[in-house]
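# Notes for the structure review
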Amino acid sequence: MARIFINYRRQDSEGYAGRLYDHLLRHFDAEQVFMDVDSIPPGVDFVTFLDDAIAQCDVLLAVMGAQWEDVCESDGTRRLMLETDFVRVEIASALRQKKIVIPVLVGGGKMPSTANLPDDLKPLLRRNSFEVKHAQFAADVDRLADAIRRVASPKPLLTSAERAEKEAALKAIRLDLMNATDSPLYELRQAKRHFPVLGDGNPDASLLFISEAPGVNEAKEGRPFFGQAGAVLNEMLDSIGLHREDVYVTNFVLDYLGAKREPTRDEIAYYAPFVDRVLDVVRPTVIVAMGGTAARVLLTRFDQPEARDKISQIHGKLMPVEAPWGGALHIVPTYHPAAVLYSASWKAWLREDFQKLRMFV
Ligand code: URA
């Protein structure tokens with residue numbers, strides 16, 4: 001259930017924000033839409049208070065009217081530049097917490113220019129805006145509500161027959177993989193008496209996690225993320241109330257590579273039809289690409305320009321793409337669970353990025 005926080009500047013867009021709130025209540029329950037934070041108790045740190053309020057939400061709508069950038073204090077200082085400006089504090093908090101932030105343009109509002117924004121708001125410029133026009137307010141808010149639902153709604157439940165069909169389809173892929181004697185890693189698999197590692201978990205998961213290739217522990221068991229990296233993945237899932245049975249986990253290469261190395265282009269290409277078949281069975285609403293290699297492969301496959309970016313630049317970003325099977329699909333790159341074993345700050349990022357997945361559960 002998506003929870004929506006409406007952020008607005010009274011002097012700029014109070015009327016529009018109120019109208020937006022009323023129209024959103026045609027689509028969402030009143031408990032899902034927050035507009036004015038209740039008064040902050042005396043003596044309480046308002047930044048922490050607002051952080052906590054934003055933490056309860058999945059989506060922040062930053063309503064921007066024509067004066068959004070320019071509203072000033074009596075001494076001429078632009079409000080946005082003040083660290084005490086609630087509009088700025090709330091948006092910065094949502095960006096920092098990697099919530100979905102949608103700039104909603106109303107009454108002739110435009111996206112601000114980079115020179116006019118304090119540093120903590122600059123990431124806002126990379127968020128797609130949504131214009132709600134006066135003359136078609138209701139229709140535009142209907143579209144906005146659809147967009148919010150698309151990024152934030154779970155899949156409908158399967159009947160037991162549909163679930164059995166998916167399980168059978170995955171079994172068939174696993175069998176084909178066992179018999180894939182022309183695989184570049186088949187001989188190694190046989191020599192070491194390893195198993196191929198197709199993936200495991202919920203065949204109808206909303207969240208599918210994909211990484212580069214199984215390690216030796218995984219190949220011995222025939223299950224992905226079974227070793228130390230698996231323990232980190234399980235810990236992260238646990239932090240958002242999920243278990244391995246709730247999600248699907250796989251890799252771009254489905255056999256052990258024989259050493260700690262990056263998979264080659266040919267190896268990735270060889271397994272691509274198997275991976276595509278798995279994706280088409282599970283049909284997740286979010287694919288989490290764990291690690292720089294997996295992110296590059298996945299984003300390249302979906303023609304996303306961020307494929308060239310480093311994982312440190314794109315982790316935790318929610319990227320809408322066209323699902324090959326139709327419907328909504330988002331890609332979220334994250335650090336690799338094995339990489340964070342050696343870096344407390346990367347681990348903290350990974351944990352934060354996982355928080356963002358809560359809305360898809
Ligand atoms: N690392 C990966 O990339 N995949 C696994 O399955 C396990 C560790």
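Residues numbered from 1 in each chain as written. Predicted model: local features only at pLDDT ≥ 70, side-chain atom pairs only at ≥ 80, totals over all residues.

Residues in close proximity to the ligand include Ser211, Glu212, Ala213, Pro214, Gly215, Glu218, Pro224, Phe225, Ala229, Asn251 and Ala338, which together make up its full environment. Of the residues belonging to the shell around the ligand, the class tally is six nonpolar, three polar and two charged. (Near = placed C-beta within 6 Å. Nonpolar A, V, L, I, M, F, W, Y, C, P; charged D, E, K, R; others polar.)

Here the focus is the domain arrangement of the protein. Domains assigned within the protein are domain 1 (4-152) and domain 2 (160-360). The C-alpha-based centres of domain 1 and domain 2 are spaced at 34 Å. (Domains from an automatic or database assignment.)

Looking now at the pairing of strand β8 (residues 248-251). Burial along β8 is two-sided: the residues Tyr248 and Thr250 and Val249 and Asn251 are all buried. With two bridges joining them, strand β6 (residues 200-201) and β8 adopt antiparallel strand pairing. Directly across from Gly201, in β8, lies its bridge partner Tyr248. Bridge analysis of strand β7 (residues 207-211) against β8 gives four bridges, and the strand direction is parallel. (Buried ≥ 20, exposed ≤ 12 C-beta atoms within 10 Å, placed from the backbone. Helix = DSSP H or I, 4+ residues; strand = E, 2+ residues; numbered from the N terminus. Pairing = 2+ DSSP bridges.)

It is worth spelling out unusual backbone geometry at this point. For Phe225, which is not a glycine, the phi torsion comes out positive at approximately 45°. The residue Phe225 is located in the loop between α7 (216-221) and α8 (228-239) in this model. A positive phi angle, near 55°, is found at Asp303, a position not held by glycine. In this structure, Asp303 sits in the loop between α10 (292-301) and α11 (311-314). Judged by the 9 C-beta atoms lying within 10 Å of it, Asp303 is exposed.

With that settled, the discussion passes to the sheet that holds strand β3 (residues 59-64). Sheet architecture is open: five strands sit in the order β2-β1-β3-β4-β5, paired in parallel fashion. Because the sheet does not close on itself, it has two edges, and the strands there are β2 (33-34) and β5 (130-131). Where strand β4 (residues 100-105) lies against β5, two bridges are found, and the strand directions are parallel. Counterpart to Val104 in the pairing with β5 is Phe130.

With that out of the way, let us pick up the environment of Thr114. Structurally, the position occupied by Thr114 is in the loop between β4 and β5. With sequence-adjacent residues up to four places away left out, Thr114 is seen in contact with Lys122 and Leu125. (Contact = placed C-beta atoms within 7 Å.)

Sheets are built from strands paired through backbone hydrogen bonds, the pairs being either parallel or antiparallel. Spatial strand order, β6-β8-β7-β9-β11-β10: six strands in an open sheet with mixed pairing. Looking along the sheet, the strands with just one partner apiece sit at the ends: β6 and β10 (319-322). Packing of α10 onto the sheet brings it into contact with β7, β9 (286-290) and β11 (328-334), and relative to β9 it is tilted by some 140°. (Axes fitted to C-alpha atoms, helices over the stretch in contact; angles between N-to-C directions.)

Here we come to the environment of Leu188. Its place among the elements puts Leu188 in helix α6 (residues 186-192). For the pair Leu188 and Gly258, spaced 70 residues apart in the sequence, the C-alpha separation amounts to 7.2 Å.

With that out of the way, let us pick up the packing of helix α2 (residues 46-55) against helix α3 (residues 86-96). Two elements in contact, α2 and α3, have axes whose closest approach is 9 Å; the angle formed by their N-to-C orientations is 50°. It follows from the interaxial angle that α2 and α3 lie oblique. The handedness of the crossing between α2 and α3 is right-handed. Along its contact with α2, which presents Val47, Leu50, Asp51 and Ile54, the element α3 presents Phe86, Val89, Glu90, Ser93 and Ala94. (Parallel < 35°, antiparallel > 145°, perpendicular 65-115°, else oblique. Left-handed = near helix turned anticlockwise from the far one by under 90°.)

Below, the discussion takes up the pairing of β10. Sheet analysis places β10 next to β11, joined by four bridges and oriented antiparallel. Following the sheet pairing, Pro320 is matched in β11 by His330. Between the end of β10 and the start of β11, which pair antiparallel, lie five residues, with Gly326 showing a positive phi angle near 85°.

So, on to helix α5 (residues 160-178). Between the first and last C-alpha of α5 there are 27 Å, a value that for 19 residues agrees with the 27 Å anticipated at 1.5 Å per step. If you check which residues of α5 are buried, you get Leu170, Ile173, Arg174 and Leu177. Looking straight down α5, one finds its buried side chains confined to an arc of 100°; they lie on one side. With respect to the buried face of α5, the exposed residues turned more than 90 degrees away are Ser160, Ala161, Ala164, Ala168, Lys171, Ala172 and Leu175. (Expected span 1.5 Å × (residues − 1). Arc of directions from axis to C-beta.)

On to the packing of α5 against helix α9 (residues 265-282). Between α5 and α9, the shortest axis-to-axis distance is 10 Å and the interhelical angle comes to 175°. Judged by the inter-axis angle, α5 sits roughly antiparallel to α9. Contacts between α5 and α9 involve Lys166, Ala169, Leu170, Ile173 and Leu177 on the former and, on the latter, Phe274, Arg277, Val278 and Val281. Residue composition of the contact of α5 with α9, by class: seven nonpolar, no polar and two charged.

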